[in-house]
Amino acid sequence: METKKIKRVDFIFSQDFKVSEVLFNTFKKTRDEILQEIIDSDLKGRGGAGFPTGLKWKAAKEDKITEKYIICNADEGEPGTFKDRAILEEASQKVFGGMAICAKVIGAKKGWIYLRGEYKFLIPHLRKEMAIFHDMLHNELGFDFTIDIFTGSGAYVCGEETALLQSMEGKRGEPRNKPPYPTNIGLYNKPTVVNNVETLVLSMMVVKIGAEEFKKLGIQDARGGKLFSVSGDTPKSGIHELEFGMLLSDFVEEFGDGDTKAVQVGGASGFCVPRKKFDTTTIGYKGKLKGTSLPTGGSMMLFNSSRSMYNVLHNYLEFFAEESCGQCTPCRVGTQQLLKGIEAIKKGEKSHEYLEALLSLSETMKLTSKCGLGQSVANSFSSIVENFREEMIY
Amino acid sequence: MKEIQDVVKNLTDKYGSKRESLLPILQGITEEQNYLSSEAMLEIARALDISAAEVYGTASFYSFLDTVPRGKYVIRVCRTIVCDMHGKKQIVKTLEDLLKIKVGETTHNGKFTLLETNCLGWCHKGPCILVNDDIYTEITPAMVNEIINKYRNK
Ligand SMILES: Cc1cc2nc3c(=O)[nH]c(=O)nc-3n(C[C@H](O)[C@H](O)[C@H](O)COP(=O)(O)O)c2cc1C
Ligand code: SF4
Ligand code: FES
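Predicted, not measured: the structure shown is a model, and the values here were computed from it.

Engineer: Give me the overall build of chain A: which residues, what numbers.
Structural biologist: From N to C terminus, chain A includes 15 helices and 13 strands. Its C-alpha atoms give chain A a radius of gyration of 21 Å, near enough to 21 Å, the size a compact globule of 394 residues would have. The contacts of chain A with a sequence gap of at least 6 include a subset with a gap of at least 24, amounting to 72%. Carbon and sulfur atoms provide 50% of the accessible area of chain A, an area that totals close to 14800 Å². The averaged location of the 52 negative side-chain charges in chain A is 3 Å from the averaged location of its 52 positive side-chain charges.

Engineer: Can you explain empty space enclosed by the protein? Please cite residues and give values.
Structural biologist: Residue and element names in this part refer to chain A. For the structure shown, the criterion picks out one cavity of 30 Å³ or more. In this structure, the largest cavity occupies an estimated 80 Å³ of space. C325, Q327, C328, C331 and C371 are the residues nearest the centre of the largest cavity, which is lined by 13 residues in total. Looking at the lining of the largest cavity, its residues break down into seven nonpolar, five polar and one charged.

Engineer: Run through the environment of R46 of chain B, naming residues and quoting values.
Structural biologist: Among the secondary structure elements, R46 of chain B is positioned in helix α3 (residues 38-48). R46 of chain B sits in the exposed class, given a relative accessible area of 58%.

Engineer: Describe α3 of chain B, and please don't skip the residues or the numbers.
Structural biologist: All names here are of chain B. Every buried residue of α3 is listed here: A40, M41, E43, I44, A45 and L48. The inward-facing, buried residues of α3 abut α1 (4-15), α2 (22-33) and α4 (52-59). Downstream of α3 by a residue or two, D49 has a phi angle that is positive, lying close to 55°.

Engineer: Mind laying out the domain arrangement of chain B, listing which residues take part and the relevant values?
Structural biologist: The domain boundaries assigned to chain B delineate domain 1 (4-61) and domain 2 (73-152). Each of domain 1 of chain B and domain 2 of chain B has a C-alpha centre, and these two points are 28 Å apart.

Engineer: Pulling in residues and values, what's your account of the side chain of N315 of chain A?
Structural biologist: As for its position among the elements, N315 of chain A is in helix α11 (residues 309-323). Leaving out residues up to four positions away in the same chain, N315 of chain A has contacts with R79, T80, I81 and D84 of chain B.

Engineer: Could you give an account of the site of ligand 1, naming the residues involved and the relevant values?
Structural biologist: Residue and element names in this part refer to chain A. In the vicinity of ligand 1 lie 18 residues, with G47, N73, N195, N196 and T199 positioned nearest. The separation between an oxygen atom of ligand 1 and a polar side-chain atom of T199 is 2.7 Å. Here ligand 1 has 610 Å² of accessible area as a free molecule, and 89% of this is covered by the chains. Among the secondary structure elements, those contributing two or more residues to the shell around ligand 1 are β4 (192-196) and α14 (372-387). Broken down by element, the residue count for the shell around ligand 1 peaks at three residues, all from β4.

Engineer: For the site of ligand 2, give the residues involved together with the corresponding values.
Structural biologist: All names here are of chain A. Taken together, 13 residues sit near ligand 2, with C325, C328, C331, C371 and G374 positioned nearest. Under a 2 Å grid-point criterion requiring more than half of the atoms, the pocket assigned to ligand 2 is the largest cavity. In the shell around ligand 2, the residues fall into seven nonpolar, five polar and one charged.

Engineer: Go over the layout of surface pockets with me, naming the residues and quoting the values.
Structural biologist: There is about 1200 Å³ of room inside the second largest pocket. Surrounding the second largest pocket, 46 residues form its lining, K120 and T151 of chain A together with Q27, G28 and E31 of chain B being those nearest its centre. For the lining of the second largest pocket, the secondary structure elements donating two or more residues are β2 (110-115), α6 (123-140) and β3 (146-151) of chain A together with α1, α2, β1 (73-78) and β3 (129-131) of chain B. Here the lining of the second largest pocket is built from residues that sort into 18 nonpolar, 13 polar and 15 charged.

Engineer: How would you summarise the domain arrangement of chain A if you had to cite specific residues and measurements?
Structural biologist: Residues and elements named next belong to chain A. You can read the domains of chain A as domain 1 (19-214), domain 2 (218-304) and domain 3 (309-393). Taken over C-alpha atoms, the centre of domain 2 sits 23 Å from the centre of domain 3. Buried surface at the junction of domain 2 and domain 3, both sides included, amounts to about 1000 Å², of which 62% is carbon and sulfur. At the junction of domain 2 with domain 3, the criterion picks out one salt bridge.

Engineer: An account of the packing of aromatic side chains is requested, with residue identities and associated values reported.
Structural biologist: Within the structure shown, the criterion is met by 15 aromatic pairs over all chains. Both rings, one in F27 of chain A and one in F143 of chain A, keep their centres 4.6 Å apart while their planes meet at 35°; by these two values the pair is tilted. Of this pair, F27 of chain A sits in the loop between α1 (19-26) and α2 (31-40) while F143 of chain A sits in the loop between α6 and β3; the two residues are 116 residues apart in sequence, bridging distant segments of the chain. The exposure classification of F27 of chain A matches that of F143 of chain A, with both residues buried. Consider the rings of Y69 of chain A and Y188 of chain A, whose centres lie 6.0 Å apart with planes at 85°: the pair is edge-to-face. Here Y69 of chain A, found in strand β1 (residues 69-74), pairs with Y188 of chain A, found in the loop between α7 (161-168) and β4; they are 119 residues apart in sequence, far enough to count as distant. Exposure remark for Y69 of chain A: the relative accessible area of 7% places this residue in the buried category. Classification of Y188 of chain A as partly exposed rests on a relative accessible area of 28%. Among the aromatic residues, those joined into a cluster by ring pairs are Y73, F112, Y136 and Y151 of chain B. A cation over a ring is seen here: R85 of chain A above W122 of chain B, with NZ or CZ 3.4 Å from the ring centre. The positively charged end of K236 of chain A is found above the aromatic ring belonging to F255 of chain A, 5.9 Å away from the centroid.

Engineer: Can you lay out the pattern of salt bridges for me, pointing to particular residues and giving the numbers?
Structural biologist: Using the criterion set out here, one finds 36 salt bridges over all chains in the structure. The salt bridge partner of E62 of chain A is K58 of chain A, with a shortest N-O separation of 3.6 Å. Here the residue E62 of chain A and the residue K58 of chain A both occupy positions in helix α3 (residues 53-62), the gap between them amounting to four residues, near one helical turn. Classification of K58 of chain A by relative accessible area gives partly exposed; the value is 33%. We note a salt bridge from D97 of chain B to K93 of chain B, for which the minimum N-O separation is 2.8 Å. One end of the pair, D97 of chain B, and the other, K93 of chain B, are both in helix α6 (residues 88-99), four residues apart, so they sit about a helical turn from each other. Among the residues examined, K93 of chain B registers a relative accessible area of 46% and is labelled partly exposed.

Analysis parameters
- Residues numbered from 1 in each chain as written.
- Chains lettered and ligands numbered in written order.
- Predicted model: local features only at pLDDT ≥ 70, side-chain atom pairs only at ≥ 80, totals over all residues.
- Heavy atoms only, no water.
- Helix = DSSP H or I, 4+ residues; strand = E, 2+ residues; numbered from the N terminus.
- Rg over C-alpha atoms; globule rule 2.2 N^0.38 Å.
- Contact = heavy atoms within 4.5 Å.
- Areas by Shrake-Rupley, 256 points an atom, 1.4 Å probe, with all protein chains shown as cover.
- Lys, Arg positive; Asp, Glu negative; His and termini not counted.
- Charge placed at Lys NZ, Arg CZ, Asp CG, Glu CD.
- 1 Å grid on protein atoms, 1.4 Å probe; cavity = no way out; pocket = protein on both sides within 12 Å on 5 of 7 lines; lining within 4 Å.
- Points joined across faces, edges and corners; volume = space filled by probe spheres on them.
- Nonpolar A, V, L, I, M, F, W, Y, C, P; charged D, E, K, R; others polar.
- Buried < 20%, exposed > 50% of the residue type's maximum accessible area, 1.4 Å probe, protein only.
- Domains from an automatic or database assignment.
- Near = heavy atom within 4 Å.
- Polar contact = N/O pair within 3.5 Å; in protein donor to acceptor, adjacent residues only side chain to side chain.
- Sits in = over half its atoms within 2 Å of the grid points.
- Buried area = accessible area lost by both parts, 1.4 Å probe.
- Salt bridge = Lys/Arg side-chain N within 4 Å of Asp/Glu carboxyl O.
- Phe/Tyr/Trp six-rings, centres within 6.5 Å; stacked < 30°, edge-to-face > 60°.
- Lys NZ or Arg CZ within 6 Å of the ring centre and 35° of its normal.

If you want it as structure tokens, here you go:
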């Protein structure tokens, strides 16, 4: 199994260059050259799903419709994630820069930052930084692209890209069917690229240092560095930028409190890894690696042996039941049933065999739910129930 | 209080009166009046030329767009796992005792509403609460007192 030792990286927050210079140099290249660099870098989306960024931009670029948009997804609602807020606080110029590069490639003149309502306090700072950026972009570089802010109103599902678009169009944040994808039918039915905050900063880093240099970091299909939001039972909670491909056991050695019993990788919609699997789990994307390789939007929550995994799962299920948009039955009813189900088993009203019925319900949700919210409930549900069965029952 | 027509007019002047202006307008009203009254929603429906059911249907989807009266200061305690592990229950208890209300209720003087909410994006500094748009992190029961006093006297 290919793995990497823990290595700290300094891409996102480094301030050793001027965004305007990178843009100036980049804009001398053709749109195809810039796009090729992004494709060659193997950069994958940092919002969780890990879709190749170059291919997304290519799809929007090739669409014949001339009016196009770019949206920076700053809805950051996944439990245990707080890195996008830090990026917007400390490196917003690079986020805007990444958006401008994408705008150049696909041919967009307008972009938005979709900011979760919980981060409204960032708006004055962002507006100020944006004015500086626009001044540079319009007056020094003569590039016609303008960014605005759209604020969310407290709905986790609006981080899902099509729900986000619905919400920007003034509707309920209910996910759309895919396909069609936003790169063809997006905001106001126009081709739209939706990228995570961190992805946009990394796009800027790729054009600055080149695809080859970027690819030196990471393993196989997980290239580059990643911001991890580390929390829970750890003496080092906070944001850490690390190379992709580390073994979870190395991570725990670095960040654990000496008594780590489980790590939740990727937030409530990710996977719970028990101690016995730490040294066979790498952090990357689900590639062709032996052992398990887990993708993540960067949420890493550590639990020590004083924690009840029943309480952890119960908390997640309450979260999903509340945040389900209710549009499709498997998710709306399924989240409620899973929650009631584990409560009934705990109280002894149902026998422990009922866990099998709940596991199969979560599998059904994975197959039949309309969007990633309902589809991913099974990730934490099955990984906790299977690895901590006794804690569910007694 | 300003007439609701004027409030909506100001917002449509600022954001336009197309369907996509709906969320910013609803947010603007909530900011100014703490919640969305039926009168406000009817007025928006008229101004945007859509049905009131559409306005209500959209508003009710979002947890920050309240359609029932709220206090001047809405306190939202993060109840998600990391804050829960780091003493959220104690914080809620302290707030309930101090304000003499339960989660979901508003004080008689209309000053405070106490709610729970999901992950606020400050898990490394839990427990945390949001008071309107202000965030407070790593709070202790003792700090709760101070924070509430600050708003009481505002
Ligand atoms: C329920 C749900 C919530 C999501 N929340 C976010 C989010 O807060 N931020 C984000 O960047 N992506 C989120 N995503 C993923 C987006 O749909 C989308 O894949 C992503 O913004 C694309 O950007 P990327 O390719 O740069 O990662 C969410 C997905 C789902 C299903
Ligand atoms: S899976 Fe859940 S959140 Fe997604 S569309 Fe269905 S009900 Fe809504
Ligand atoms: S769990 Fe409370 S801020 Fe994330």
